[in-house]
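If you want the building blocks of each chain, they are given just below.
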Amino acid sequence: MKKLKLLTDIQESYTELRYKTSWPTKTQLIKSSCIVLIASIIIALIILVFDQIIDHFMHFIYGL
């Protein structure tokens, strides 16, 4: 019985992915990827700046 349930679930999943899911076009995918890349770079730069500020502050504290 469980094997039959598993096969039914797989078939329903395939049907949903094939016919009910809207997949992005190539252009939409490229635009979304660029947005994610730019946002990741900006966040990485913000973290780098904060890390450098804290590093200089800690060197100042330990240098006293």
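Owing to the predicted nature of the structure, the values given are computational and were not obtained by experimental measurement.

### Overview of the overall build of the chain
When its secondary structure is counted, the chain shows two helices and zero strands. Taken over C-alpha atoms, the radius of gyration comes to 25 Å for the chain, far larger than the 11 Å a tight globule of 64 residues would show. Taking the principal axes of the C-alpha coordinates as reference, the chain spans close to 75 × 35 × 10 Å. Buried residues in the chain amount to 0% of all 64 residues. When the accessible surface of the chain is summed, it comes to about 6,600 Å², and 72% of that surface belongs to carbon and sulfur atoms.

### Some words on the pattern of salt bridges
The final tally for this structure, using the stated rule, is one salt bridge. The salt bridge partner of Lys5 is Asp9, with a shortest N-O separation of 3.2 Å. Residue Lys5 and its partner Asp9 are located together in helix 1 (residues 2-20), separated by four residues, close to a single helical turn.

### Here we look at the environment of Thr21
Along the chain, the position of Thr21 falls in the loop between helix 1 and helix 2 (26-62). The spatial distance from the C-alpha of Thr21 to the C-alpha of Asp51 is 42 Å, given a sequence separation of 30 residues. A polar atom in the side chain of Thr21 sits 3.1 Å from the backbone oxygen of Glu16.

### Details of a nonpolar patch on the surface
Together, Ile54, Phe57, Met58, Phe60, Ile61, Tyr62 and Leu64 make up an exposed nonpolar region whose accessible area comes to about 830 Å². Following the sequence through the fold, Ile61 ends up in helix 2.

About the thresholds
Residues numbered from 1 in each chain as written. Predicted model: local features only at pLDDT ≥ 70, side-chain atom pairs only at ≥ 80, totals over all residues. Heavy atoms only, no water. Helix = DSSP H or I, 4+ residues; strand = E, 2+ residues; numbered from the N terminus. Rg over C-alpha atoms; globule rule 2.2 N^0.38 Å. Buried < 20%, exposed > 50% of the residue type's maximum accessible area, 1.4 Å probe, protein only. Areas by Shrake-Rupley, 256 points an atom, 1.4 Å probe, with all protein chains shown as cover. Salt bridge = Lys/Arg side-chain N within 4 Å of Asp/Glu carboxyl O. Polar contact = N/O pair within 3.5 Å; in protein donor to acceptor, adjacent residues only side chain to side chain. Patch = residues over 30% accessible without salt bridge, like charges linked within 9 Å, V, L, I, M, F, W, Y side chains within 5 Å.

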